Amino acid sequence: MASSKLISDTEQWKELKAHVADIKKTHLRDLLCDDARSRAMMVEFDGILLDYSRQQATLETVGKLFKLAEASSLKQKIDRMYNGDHINSTENRSVLHVALRAPRDAVIQSDGKNVVPEVWKVLDKIKEFSERVRSGSWVGATGKQLKDVVAIGIGGSFLGPLFVHTALQTDPEAAESSRGRQLRFLANVDPIDVARNITGLNPETTLVVVVSKTFTTAETMLNARTLREWISSALGPSAVAKHMVAVSTNLTLVEKFGIDPNNAFAFWDWVGGRYSVCSAVGVLPLSLQYGFPVIEKFLKGASSIDQHVRSEPFERNIPVLLGLFSVWNVSFLGYPARAILPYSQALEKLAPHIQQVSMESNGKGVSIDGVPLPFEAGEIDFGEPGTNGQHSFYQLIHQGRVIPCDFIGVVKSQQPVYLKGEVTPEQLQKENVPSHLVAHKTFTGNRPSVSILLPSLNAYNIGQLLAIYEHRVAVQGFIWNINSFDQWGVELGKSLATQVRKQLNASRTKKESIQGFNFSTTSLLTRYLQ
Ligand code: F6P
């Protein structure tokens, strides 16, 4: 298929469109009676089980989705990503987060250069530095051990590391290795977030890690200046060298800020912010908290899925199947949202992280060639751990809108529930339910979901889960033929915010009136200034 052709113009897309009418005639109740179908819709890899038999789909649907994958050159697009081609064409960059967790002897090229040795150089530096801090051979300005870490960053420089940190809380090895240490995350520009983060911390025993790919993000830089002041006013300006380190692709700005470049941990422009948790962005703060050996297991888990995605036939390829069914639900069945429902409290930050990975990646309105899409791409992701979600928004899922659900269960923890099956008026009448309540208590059922079962929640499995979601989002983008690796909408938001900030400053300092905005914005800004 020529890359400029819209996927919706292909025969394979049109066939699936026509097939929707067949599926609308089916009901999950009946589909689930077919054991051969259910058996075919279960896939296992490296301890992870995917059951997609609760999708509104027949085996014919699956075959048609594979044909769509072929029409969209999915295999070739995955290969192009691993080969370091500049598939992020609007930013002219490779997309190589898979290189961040590749084994030391792997060869992954970007612009003719094997990037794996550079990745391991930084990993080795993190290992050495985190061991020095954890053992007390690197101490603070007053000679005290640094037991607490505040990681400053926002968006991709925050959500992924926070997800992994939260998820690791039930890993006994991680619990043991982090005893007596604290890791906190400072993201929001709201001063309350600073206050909340430094409450109870002593600058003498605190290490601050400034995490920013660009080292220009307004919120992060303001918070970094605030904590630099917190340290230097307590311990003197020279203490900054011992108490502040950085993670960035922009080492020039790191130095300008006053952090010794020797204490900076690099990553590269071929790592997208929302795909950066396996770079120093996540590995440094997490290694300081848990020790490098635990985090290395997390990287290995992600790497196992990277190999699976690349080499497994689509019939048994977990992220590919998940991605194809997301496209089926969004673009063909017309369900715009997806609920992420892990049955483990330790996965409470999975949905917030995947919200960024998915919605910043696939929330696009044009194809990769800039052609407006005649269909909607992307999906609205939200979620909460069960059983909290059950007492919040499940009512809407049971009897209101149809929202495909991801149930994530951990064998060694709670078991996931399934969406309530069908309850018919006839059943209710038999149970002598009063007639005025029958309509209210009826469940039409037929609500699609997938179940992902993890053997346990250790560092390795958390790495696998992260990589499954990252690749699923990429698969969706490859099928829709959009660029899942740029974020021009967010960039526009940043430049609008800069304009507003400039106007507010000019109004405050030079008493100029607010200009250049429409009536509504001008009124709101004027009101704010008053
Ligand atoms: O929120 C938009 C974004 O550009 C994300 O893509 C990125 O993860 C985040 O800002 C933070 O950017 P930086 O790491 O450069 O501070």
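We now turn to the structure provided with this report. Sequence positions are assigned chain by chain, starting from 1 and proceeding in written order. Predicted model: local features are reported for residues with pLDDT of at least 70 only, side-chain atom pairs are reported and counted for 80 or more only, and whole-chain, interface and lining totals are derived from all residues. To obtain the side-chain values, all non-hydrogen atoms of the structure were used and water was disregarded.

Glancing now at empty space enclosed by the protein. A cavity here means a set of 1 Å grid points, computed over protein atoms only, where a 1.4 Å probe fits but cannot escape. A pocket is an open set with protein on both sides within 12 Å along at least 5 of 7 lines, and lining residues have an atom within 4 Å of a point. Grid points are joined across faces, edges and corners, and a volume is the space filled by probe spheres set on the points. Considering all chains together, one arrives at two cavities of 30 Å³ or more under this definition. As a volume, the largest cavity reaches approximately 90 Å³. Surrounding the largest cavity, 15 residues form its lining, Ser326, Asn329, Arg338, Pro404 and Arg472 being those nearest its centre. Put simply, DSSP H or I for four residues or longer makes a helix, DSSP E for two residues or longer makes a strand, and each gets a number counted from the N terminus. Taken together, the elements giving at least two residues each to the lining of the largest cavity come down to α15 (318–332), β10 (337–342) and β12 (405–410). Considered as a void within the structure, the second largest cavity measures approximately 50 Å³ in volume. Taken together, Leu100, Val119, Val122, Leu123, Ile126, Ala266, Phe267, Trp268, Cys278, Ser279 and Ala280 make up the lining of the second largest cavity. Take the lining of the second largest cavity: its biggest share by element is four residues, from helix α6 (residues 116–135).

Moving on, we come to the site of the ligand. Not every one of the 13 residues close to the ligand is listed here, only the nearest: Gly156, Ser157, Ser212, Thr214 and Thr217. In the analysis that follows, any N or O atom pair within 3.5 Å is treated as a polar contact, provided that within protein one partner can donate a hydrogen and the other can accept it, and provided that, for residues neighboring in sequence, both atoms belong to side chains. Residue Ser212 places a side-chain N or O atom 2.6 Å away from an oxygen atom belonging to the ligand. For the ligand, an oxygen atom lies 2.7 Å from a polar atom in the backbone of Lys213. Note that accessible areas follow from Shrake-Rupley with a 1.4 Å probe, and for residues the cover is restricted to the protein chains shown. In the complex, 89% of the free accessible area of the ligand, which totals 400 Å², lies under the protein chains. Of the pockets mapped on this structure, the ligand occupies the largest pocket. For the shell around the ligand, the secondary-structure elements that each account for two or more residues are α16 (350–362) and α21 (488–510). Residues are counted as near a molecule or strand when any one of their heavy atoms sits within 4 Å of it. For a molecule to be placed in a cavity or pocket, more than half of its atoms must lie within 2 Å of the grid points of that cavity or pocket.

Our focus in this paragraph is the layout of surface pockets. Empty space among the atoms becomes visible once a probe the size of a water molecule is rolled across them. Size it by volume and the largest pocket reaches roughly 1,100 Å³. Where the lining of the largest pocket is concerned, the elements lending two or more residues are α10 (218–235), α16 and α21. Element by element, the count of residues in the lining of the largest pocket is highest for α21, at ten residues. Note on residue classes: Ala, Val, Leu, Ile, Met, Phe, Trp, Tyr, Cys and Pro are nonpolar, Asp, Glu, Lys and Arg are charged, and everything else, Gly too, is polar. Here the lining of the largest pocket is built from residues that sort into 14 nonpolar, 19 polar and twelve charged.

Below, the discussion takes up unusual backbone geometry. Trans peptide bonds make up the majority, and among non-glycine residues the majority have a negative phi. In this chain, Gly386 is followed by Thr387 through a cis amide linkage whose omega measures 10°. Residue position: Thr387 is located in the loop between β11 (380–383) and α17 (394–399). The phi angle at Asn432 is positive, at roughly 60°, despite the residue not being glycine. Within the secondary structure layout, Asn432 lies in the loop between α18 (425–430) and α19 (435–441). Exposure categories follow from relative accessible area, calculated using a 1.4 Å probe and restricted to protein chains: below 20% of the type maximum is buried, above 50% is exposed, and the middle band is partly exposed. Using a relative accessible area of 66% as the deciding quantity, one classes Asn432 as exposed. Within the chain, Asn446 stands out as a residue other than glycine whose phi angle is a positive 60°. A relative accessible area of 22% means that Asn446 is categorised as partly exposed.

A helix is expected to span 1.5 Å for every residue after the first. Look at α21: 32 Å from first C-alpha to last across 23 residues, which is about the 33 Å you get at 1.5 Å a residue. Whether two residues are in contact is decided by their heavy atoms, any of which lying within 4.5 Å being enough. On its buried face, α21 sits against α22 (519–529). Phi for Lys511, located one or two positions after α21, is positive at around 55°.

All right, on to the packing of helix α7 (residues 159–167) against α16 then. Only the stretch in contact is used when fitting a helix axis, every axis being a line fitted to C-alpha atoms; angles between N-to-C directions are given from 0 to 180 degrees. One way to put it is that α7 packs onto α16 with a least axis distance of 9 Å and a crossing angle of 155°. Accordingly, the angle class assigned to the pair α7 and α16 is roughly antiparallel. Helix-helix and strand crossings are classified by hand; for α7 and α16 the assignment is left-handed. Contact with α7, carried on its side by Leu159, Gly160 and Phe163, involves Leu350, Pro352, His353 and Gln356 of α16 and no other residues of that element. Along the lines of polarity and charge, the residues of the contact of α7 with α16 split into four nonpolar, three polar and no charged. Reported orientations rely on four angle classes, namely roughly parallel under 35 degrees, roughly antiparallel over 145, roughly perpendicular from 65 to 115, and oblique for the rest. Should the near helix be turned anticlockwise from the far one by less than a right angle, the crossing is termed left-handed; should it be turned clockwise, right-handed.

The aromatic pairing rule takes the rings of Phe, Tyr and Trp, using the six-membered ring of Trp, and pairs them if the centres are within 6.5 Å, calling planes under 30 degrees apart stacked, those over 60 edge-to-face and the rest tilted. Under the counting rule described, the total for this entry stands at 14 aromatic pairs. Centre to centre, the rings of Tyr52 and Phe325 are 5.1 Å apart; their planes meet at 40°, and the pair counts as tilted. Taken together, the positions of Tyr52 in the loop between β2 (48–51) and α4 (59–71) and Phe325 in helix α15 put the pair 273 residues apart, joining distant regions of the chain. Measuring from centroid to centroid gives 5.0 Å for Trp268 and Trp270, while their planes differ by 0°, and the two rings are stacked. On the basis of relative accessibility, which here comes to 14%, the residue Trp268 falls in the buried class. According to the relative accessible area criterion, Trp270 is buried, its value standing at 5%. An aromatic cluster is present here, built from Trp13, Trp328, Phe332 and Phe375 joined pairwise through their rings. Lysine and arginine charges are scored as sitting over a ring when NZ or CZ, respectively, is within 6 Å of the ring centre and within 35 degrees of the ring normal. Positioned above the aromatic ring of Phe265 is the side chain of Lys125, whose terminal nitrogen or guanidinium carbon lies 5.0 Å from the ring centre. For the cation-ring pair, Lys242 lies above Trp138, with the distance from its terminal atom to the ring centre recorded as 4.3 Å.

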